[in-house]
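Now for the letters of each chain:
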Amino acid sequence: MLASVTDAHEPRVEGAIVPSDGSPPTAYKNLFVPLVVVPALIVGAILLVFLFFGAISGREASLSENLDRAVHGGQAERKQAAFNMVRQVAENRRARLEHRDLPWPVESDFLSRLRSAWDSTSTEDPSLRLVLASLLAQLDDPQGIPSLIALLDTPQGADPKGEVRFNALANLGALGDPRAEAPAIRILEQSQDPGLRAVAAIALQHIPGDAGLAALRAALDDPLLEIRANAAIALSMRGDPAGSSVLRDLLDPSVYSAEHGRDGAKFSQPRRVSESRVAAIEALSRLHRAEDRSAIERVADQDSDLAVREAAMKALDGWR
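Described below are features of the structure shown in this document. (Residues numbered from 1 in each chain as written. Predicted model: local features only at pLDDT ≥ 70, side-chain atom pairs only at ≥ 80, totals over all residues. Heavy atoms only, no water.)

### Some thoughts on the overall build of the protein
Helices and strands together make up the secondary structure of the protein, namely 16 helices and 0 strands. For the protein, with 320 residues in total, the buried portion stands at 51%. Relative to all contacts within the protein whose residues are 6 or more apart in sequence, the contacts with residues 24 or more apart total 64%. Summed over all atoms, the accessible surface of the protein reaches about 14,100 Å², with 51% contributed by carbon and sulfur. (Helix = DSSP H or I, 4+ residues; strand = E, 2+ residues; numbered from the N terminus. Buried < 20%, exposed > 50% of the residue type's maximum accessible area, 1.4 Å probe, protein only. Contact = heavy atoms within 4.5 Å. Areas by Shrake-Rupley, 256 points an atom, 1.4 Å probe, with all protein chains shown as cover.)

Here it is in structure tokens:
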């Protein structure tokens, strides 16, 4: 799925539960969902300027020109150029999938220059390093995955809202590289930041490895609803039914009312509850277990939320 320019300030992840509403205190305010992203595009969360160079110079800059500006320009110019690079690489990716000519030719020395930019960029500029690492990974450069993993250790002082670590981990999850398994498990099990732990569970749905499965199963007993739920959804994506009881609980609106009572920032909007319940239905449908069908049938027959009933009926149609 491609995120649009207007959506770029919020990481796009589809299909399930959103634990908080209102003004975004962090980059990961809306997380209770499986990860479905084009890896490079998720860095749109840190790119705030959406004007194109073509509006200034009469033509849009090439990939290499944008790389130069991202590394050497002023603050606003660097953000603008970084956004353009992300968009251009994503447009090239789409063109390849559609067997079209690339709209943005990749110069023969672009990857080597991208690596040099990563090596020369200060660790005190983790946002730009996130863009560079994401692009290296998107372009299958050997330095891409290790660079994203390195960003998971960005100090709190350099990343106070967790945006860099969130996006680095989300990118690693989207790419599904086995080297990211151990860092994702470490964050899921040890981080004091619930948002980072939630995105670690999301990432592990696409990162292969038995250790990741074991960590997700252990997270089903987490005291935080968003961790349990993301772990259950991740397990369903991997065909593991261990979280099915958690998923059935998520069909019940009273679960969200209770959570809202404990924390008024969570599930204050009916739409968020509806989206979360739909995601739980979809997860149970993926598992296709006879013992879960009756729970979905009850929702399809009786629920007052039309979107949830529709999801339940669609799941039952697939079951038959």
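### Observations concerning the pattern of salt bridges
All chains considered together, the criterion is met by 20 salt bridges. The closest approach of N and O atoms between Arg 248 and Asp 292, which form a salt bridge, is 2.6 Å. Here Arg 248, found in helix α12 (residues 244-249), pairs with Asp 292, found in helix α15 (residues 290-302); they are 44 residues apart in sequence, far enough to count as distant. Here Arg 248 falls in the partly exposed class, since its relative accessible area comes to 31%. Beyond isolated ion pairs, a larger network of salt bridges with shared partners links Glu 226, Glu 259, Arg 262 and Lys 266. (Salt bridge = Lys/Arg side-chain N within 4 Å of Asp/Glu carboxyl O.)

### Let's talk about the nonpolar core
Of all hydrophobic cores here, the largest spans 82 residues; its most connected members are Met 85 and Leu 188. Filtering out sequence-adjacent residues up to four positions away, Met 85 remains in contact with Leu 63, Asn 66, Leu 67, Ala 70, Phe 110, Val 131, Leu 132 and Leu 135. (Core = buried A, V, L, I, M, F, W, Y, C linked by side-chain atoms within 4.5 Å.)

### Details of the packing of aromatic side chains
Under the definition given, this model contains 1 aromatic pair. Taking the centre distance of 5.1 Å and the plane angle of 70 degrees together, the rings of Tyr 256 and Phe 267 count as edge-to-face. Residue Tyr 256 is located in helix α13 (residues 253-262), and its partner Phe 267 is located in the loop between α13 and α14 (270-287); the two are separated by 11 residues in the primary sequence. An identical accessibility class is assigned to Tyr 256 and Phe 267; each is buried. Above the plane of the ring of Trp 118 lies Arg 129, whose end atom (NZ or CZ) is 3.7 Å from the centre. (Phe/Tyr/Trp six-rings, centres within 6.5 Å; stacked < 30°, edge-to-face > 60°. Lys NZ or Arg CZ within 6 Å of the ring centre and 35° of its normal.)

### Quick look at the packing of helix α5 (residues 126-138) against helix α7 (residues 163-175)
Between α5 and α7, whose axes approach to 10 Å, the crossing angle comes to 5 degrees. Taken together, the axes of α5 and α7 are roughly parallel relative to one another. Facing α5, whose interface residues are Pro 126, Ser 127, Leu 130, Ser 134 and Ala 137, α7 presents Val 164, Asn 167, Ala 168, Asn 171 and Leu 175. For the contact of α5 with α7, the per-class residue count stands at 6 nonpolar, 4 polar and no charged. (Axes fitted to C-alpha atoms, helices over the stretch in contact; angles between N-to-C directions. Parallel < 35°, antiparallel > 145°, perpendicular 65-115°, else oblique. Nonpolar A, V, L, I, M, F, W, Y, C, P; charged D, E, K, R; others polar.)

### Examining helix α16 (residues 306-319)
Taking 1.5 Å as the rise per residue, α16 with 14 residues should run 20 Å; its terminal C-alpha atoms sit 20 Å apart, in good agreement. Considered for burial, the residues of α16 that qualify are Val 308, Ala 311, Ala 312, Ala 315, Leu 316 and Trp 319. An end-on view of α16 places all buried positions within 135 degrees of arc, on one side of the element. Exposed side of α16, more than 90 degrees from the buried face: Leu 306, Glu 310, Lys 314 and Gly 318 are the residues found there. Tucked inside the fold, the buried residues of α16 contact α14 and α15. For α16, the N-terminal capping position is held by Asp 305, with its side-chain oxygen 2.9 Å away from the main-chain nitrogen of Ala 307. (Expected span 1.5 Å × (residues − 1). Arc of directions from axis to C-beta. Polar contact = N/O pair within 3.5 Å; in protein donor to acceptor, adjacent residues only side chain to side chain.)

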